[in-house]
Amino acid sequence: MDKLSCYVLLLLSSFCFHLCLSGNLNTGSNQALNSGGSPDPGKLEYHMGPVLASPLKLYIIWYGNWNQTHQDTIRDFLSSLSSPAPHPSVAEWWSTVRLYADQTGSNVTDSITLSGEFFDSKLSHGPRLNRLSMQAIIKSAVTSQSKPLPLDPRNGFYLVLSSADVLVDEFCRAVCAFHYFTFPATVGVIVPYAWIGYSGTQCPGMCAYPFAWPVGMPPPPPTANGGNNVIHPPNGDIGVDGMISVIAHELAESATNPLVNAWYAGDNPTAPGEIADLCIGTYGSGGGGAYVGQVSTDAAGSSYNLNGVKGRRFMVQWVWNPVKKRCFGPNAMD
Ligand SMILES: *[C@@H]1O[C@H](CO)[C@@H](O)[C@H](O)[C@H]1NC(C)=O
Ligand SMILES: *[C@@H]1O[C@H](CO)[C@@H](O)[C@H](O)[C@H]1NC(C)=O
């Protein structure tokens, strides 16, 4: 292994794995890394809690000043989770998440519907947020005087998406996103939610991998590891295309570990050892380290590994397949 790929591997395993996509409460874990730069997947275990088995109704809270083109890309991705599209599709990607069940024998649902949106462009909780702000933002959205979102503890899943002009504590330093659940004392009920930030201007090198590389680090030469290391975003924006994979990551993890007591690896439920953490940086066969794996390239030279609705293409990381016992996606060669 040459120095550069060694450095990139380190970056992905320590920097990205530990820092980019957070688990739940904290991110500073000391989990042992296997050779693929992930926590030991052999330790992925079920801890008796529920998975998200009821049909999911997704509610987006757009926090801040959002670009409509970017919003459309995200909407189309979410609509693709439960809609037919040419192989390899986003819905086929979700079928790996469906392989997880809980102690009642209920699998993760295959019904995911974008059911409502709330526009918090006036920044109800200011331009600088922390973890607890997310619950307060959800509370504001479901109690708003004007067009509130329903508060739906049975089927609801709330996505708080913060825009380029919003600062979130730890964002870009320790996390790109996280998922958790609301507290009855704050929101009134327990519902799963995730926050994902738009990293396009704040820290694309950290949260929009593989479309951007960390500041001060040159991307690997195009011919290294199979030739597709310089990755162009399929929907034309590094920040939003990077965010799509992070949204997918958080949805997969929340579906299989919504209350942080179902599927995860390692002893610490708050450390990042969930089904998507195990596969960070892998988007196709042979992926790992600094190589994303075998993915497709469109006529414009952009990379993608999944098809979605309306002819859209997306580049989404793989998740752990509990049957094959490896990272997997529908674009796998075997
Ligand atoms: C449901 O989960 C079980 C594992 O408990 C798995 O064997 C089965 O294939 C899953 N069903 C679907 C539709 O994915
Ligand atoms: C929105 O994003 C698109 C694509 O990234 C860009 O071309 C356009 O200029 C942006 N619009 C605004 C108003 O910023």
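This one's a predicted model, so the numbers in the text were calculated from it and none came from an experiment.

S.K.: In this structure, what is going on with the site of ligand 1? I would like to understand it.
M.R.: Every residue near ligand 1 is listed here: Arg98, Leu99, Ala101 and Asn107. Tallied by class, residues from the shell around ligand 1 come to two nonpolar, one polar and one charged.

S.K.: Got a minute to help me understand the packing of helix 2 (residues 68-80) against helix 7 (residues 238-256) in this structure?
M.R.: Axes are the key here: two packed helices are described by the angle between their axes and the distance separating the axes. For the pair helix 2 and helix 7, the least separation of the axes is 10 Å and the interaxial angle reads 30 degrees. Taken together, helix 2 and helix 7 sit at an angle that is classed as roughly parallel. Note on packing geometry: the crossing formed by helix 2 with helix 7 is right-handed. Within the contact between the two elements, helix 2 uses His70, Thr73, Ile74 and Phe77 and helix 7 uses Val240, Ile244 and Ile247. Counted by class, the contact of helix 2 with helix 7 contains five nonpolar, two polar and no charged residues.

S.K.: Quick question: what am I supposed to make of the site of ligand 2 here?
M.R.: Around ligand 2, the neighbouring residues are Asn67, Thr69, His70, Gly236 and Asp237. Tallied by class, residues from the shell around ligand 2 come to no nonpolar, four polar and one charged.

S.K.: Whenever I open this one, the confidence of the model for the chain confuses me. Can you help?
M.R.: A low pLDDT score tells you not to read the predicted coordinates there in detail. Averaged over all residues, the pLDDT of the chain is 86; the fraction at 70 or higher stands at 84%. Every residue in residues 1-37 is under pLDDT 50, and counting partners more than four places away or in other chains gives 77 contacts.

S.K.: Just to check I follow, could you spell out unusual backbone geometry for this structure?
M.R.: Trans is the common state for peptide bonds, and a negative phi is the common state for residues other than glycine. Cis peptide bonds are those with omega within 30 degrees of zero, and the linkage from His87 to Pro88 qualifies with -10 degrees. Position of Pro88 among the secondary structure elements: in the loop between helix 2 and helix 3 (90-97). A cis amide bond, omega 5 degrees, links Tyr209 with the succeeding residue Pro210. A positive phi angle, close to 80 degrees, is found at Glu170, a residue other than glycine. On the secondary structure map, Glu170 appears in the loop between strand 6 (167-168) and strand 7 (177-181). Looking at Glu170, the number of C-beta atoms within 10 Å reads 17, which means it is partly exposed.

S.K.: Sorry, what's going on with the sheet that holds strand 3 (residues 112-120) here?
M.R.: Two orientations exist for strands paired in a sheet by backbone hydrogen bonds: parallel and antiparallel. The strand order 3-2-5-8-7 describes an open sheet built from five strands, whose pairing is mixed. In the strand order of this sheet, the two ends are held by strand 3 and strand 7, each with one partner. Within the sheet, the average angular offset between the axes of one strand and its neighbour, ignoring direction, is 20 degrees. Across five bridges, strand 7 lies against strand 8 (residues 192-197) in antiparallel orientation. From the neighbouring strand, Phe178 faces strand 8, where its bridge partner is Trp195.

Rules behind the numbers
Residue numbers restart at each chain and count upward from 1, following the sequence in its written direction. Both sets of labels track the order of writing: A upward for chains, 1 upward for ligands. Totals for whole chains, interfaces and linings use every residue, but because this is a predicted model, local features are given only for residues with pLDDT of at least 70 and side-chain atom pairs only at 80 or more, for both listing and counting. Note on definitions: a residue is near a molecule or strand provided its C-beta atom, placed from the backbone, lies within 6 Å of it. Polar here means any residue other than Ala, Val, Leu, Ile, Met, Phe, Trp, Tyr, Cys and Pro, which are nonpolar, and Asp, Glu, Lys and Arg, which are charged; Gly is therefore polar. Comment: axis = line fitted to C-alpha atoms, over the contacting stretch for helices; angle = value between 0 and 180 degrees taken between N-to-C directions. Starting at the N terminus, helices and strands are each numbered in turn, a helix being any DSSP run of H or I of at least four residues and a strand any DSSP run of E of at least two. What sets the label is the angle itself: under 35 degrees gives roughly parallel, over 145 gives roughly antiparallel, 65 to 115 gives roughly perpendicular, and the rest give oblique. Crossings are sorted by hand: turned counterclockwise from the far helix by less than a right angle, the near helix makes the crossing left-handed, and turned clockwise it makes it right-handed. Working definition of a contact: two residues with C-beta atoms, positioned from the backbone, lying within 7 Å. On a range of 0 to 100, pLDDT expresses the predictor's confidence in each residue. Buried residues are those with 20 or more other C-beta atoms within 10 Å of their own C-beta, exposed residues have 12 or fewer, and partly exposed residues lie in between; C-beta atoms are placed from the backbone. Strands were regarded as paired on the criterion that DSSP finds at least two bridges between them.

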